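# Architecture and fold: a report
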Amino acid sequence: MTRLVTIFGGAGFVGRYIARRMAKEGWRVRVASRRPNESMHVKPYGAPGQVEPVFCNIRDDASVRAVMQGADAVVNCVGLLDERGRQTFGAVQVDGAGRIARIAADLGVDRLVHLSALGADESSDSNYQVTKAQGEAAILEHFHDAVILRPSVVFGAEDGFFNKIAGLSRFAPVMPVVAGGVKLQPVYVDDVAQAAVAGVVGAAASGVYELGGAEVVTFREVMEKALEVSYRKRILFGLPMFIAHIEAAVLSFIETVSLGAIPNFLMTRDQLRALSTDNTVSEDAKTLADLGIEPVRMDSVLPDYLWRYRPSGQYDDIRDSAANLRG
């Protein structure tokens, strides 16, 4: 009988890559989402009926139990970058994670893979990082043999990181840099997906894996890289952290009083607090190398999707080639 995996958040940025790879492995894939009608893009990942979006609210026991019926493995990709309404860090990243693990253990699911985050730390000043650590503890309380993945900043065509920087460069001749010296280790989304698949199929031993890419760069270098690939020349200036906190507070206040009509699309105060420490793989951690995965370099992927932010889009390279021919 074909094996079944339930992927919570399987239609999201990282989840869709895991769903695609699991379908290629021959598994049936159940994609659990709060909005299954908006998750139909995952259906073509496999043969007809192989990948199916289903409704699930991870804040509800009955909903979680229903989508896990008959599953051989479970992957939890659900997480938040900021809080809105009832979708709080505690409700989703702690209670939701614990609920999935508890019900998976109760139903006798063989394997559980949980997507956490590099920097998860209960002593952090960032509520995001605190609840990520608490979510890991909730997972292990109920499912001791879980595989926990802690990726650094994840990049890929649908990311909200490089796309945001390159998108802002189209309108801002001067761009502020907050915490420009903080070190990051961006990891390619499909490398994270490969690690998750290794956990599902039993190729990864239980435990925590820190997933970082091939390069360690500063936040300022990340911005410079996005501008370079986007063919944009912009002035970058260091913005003091206390001023950034004031701006973030004002933007969040505007979002609140506008009832979300004017969202804070830049950065929240909690995200700023998370930027106070480096986001790189520890020396003694299990990594992609322990899973036999060689990380993809940024330069081999970024041009594939940041070209749309160039002044002439895909025609920039064509124009340059024509200029070289005339020369």
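Summarised in this report is the structure supplied together with it. What you are looking at is a predicted structure, and each value in this text was computed from that prediction instead of being measured. (Residues numbered from 1 in each chain as written. Predicted model: local features only at pLDDT ≥ 70, side-chain atom pairs only at ≥ 80, totals over all residues. Heavy atoms only, no water.)

### Digging into the nonpolar core
It is characteristic of soluble globular proteins that their nonpolar side chains tend to be buried jointly. Just so we agree on the cut-off: Take the buried Ala, Val, Leu, Ile, Met, Phe, Trp, Tyr and Cys residues and link them wherever side-chain atoms come within 4.5 Å; each set so joined is a nonpolar core. Remark: exposure states derive from per-residue accessible area (1.4 Å probe, protein chains only) relative to the maximum for the residue type, with buried under 20%, exposed over 50%, and partly exposed in between. Only heavy atoms enter the contact rule, under which two residues are in contact if any of them lie within 4.5 Å.
In this structure, Val5, Ile7, Ile18, Met22, Val29, Leu149 and Phe162 are the most contacted members of the largest nonpolar core, which totals 70 residues. Every residue in contact with Leu149, bar those within four places of it in the chain, is listed here: Val113, His114, Leu115, Ser116, Ala117, Val192, Ala195, Ala196, Tyr209 and Leu211. In this structure, Ile58, Leu80, Val109 and Ala146 belong to the second largest nonpolar core, which totals 24 residues.

### Considerations on empty space enclosed by the protein
Our working rule: Buriedness of a pocket was judged along seven lines, with at least five required to meet protein on both sides within 12 Å; pockets are open sets of points on a 1 Å grid over the protein atoms alone, cavities are sets where a 1.4 Å probe fits but cannot get out, and lining residues have an atom within 4 Å of a point. Grid points are joined across faces, edges and corners, and a volume is the space filled by probe spheres set on the points. Under the scheme applied here, ten amino acids are nonpolar (Ala, Val, Leu, Ile, Met, Phe, Trp, Tyr, Cys and Pro), four are charged (Asp, Glu, Lys and Arg), and all others, including Gly, are polar.
All chains considered together, the criterion is met by one cavity of 30 Å³ or more. The space that makes up the largest cavity amounts to roughly 40 Å³. Surrounding the largest cavity, Asn76, Val78, Val92, Gln93, Ala97, His114, Leu115, Thr131, Lys132 and Gly135 form its lining. Counted by class, the lining of the largest cavity contains four nonpolar, five polar and one charged residues.

### With respect to the sheet that holds strand β2 (residues 28-33)
Note the threshold: Two strands are counted as paired when DSSP detects at least two bridges linking them. We count a stretch as a helix when DSSP gives it H or I for four or more residues in a row; a strand needs E for two or more, and each element gets its number in order from the N terminus. For every element, the axis is a line fit to its C-alpha atoms; helices are fit only across the contacting stretch, and the angle between N-to-C directions ranges from 0 to 180 degrees.
An order of β3-β2-β1-β4-β5-β6-β11 is seen for the seven strands of this open sheet, with the pairing classed as parallel. With one partner strand each, in any of the chains shown, β3 (51-55) and β11 (207-211) form the two edges of the open sheet. Taken pair by pair, the neighbouring strands of this sheet meet at an average axis angle of 20°, ignoring direction. With four bridges connecting them, strand β1 (residues 4-8) and strand β4 (residues 73-76) associate as parallel partners. Bridging from a neighbouring strand, Ile7 pairs with Val75 of β4. Where helix α2 (residues 61-68) meets the sheet, its contacts fall on β1, β2, β3 and β4, and the angle it forms with β1 comes to roughly 145°.

### Some details on the packing of helix α1 (residues 13-24) against helix α6 (residues 189-201)
The condition is simple: Geometric relationships in this document are graded by angle, where less than 35 degrees denotes roughly parallel, more than 145 denotes roughly antiparallel, 65 to 115 denotes roughly perpendicular, and other angles denote oblique. Should the near helix be turned counterclockwise from the far one by less than a right angle, the crossing is left-handed, whereas a clockwise turn marks it as right-handed.
The geometry of α1 relative to α6 is characterised by a closest axis approach of 8 Å and an angle of 55° between their N-to-C directions. The angle between α1 and α6 falls in the class oblique. When the axes of α1 and α6 are compared, the crossing they make is right-handed. Counted together, Phe13, Val14, Tyr17, Ile18, Arg21 and Met22 of α1 and Val189, Asp190, Val192, Ala193, Gln194, Ala196, Val197 and Val200 of α6 form the full contact between these two elements. Looking at the contact of α1 with α6 residue by residue, the class counts come to 11 nonpolar, one polar and two charged.

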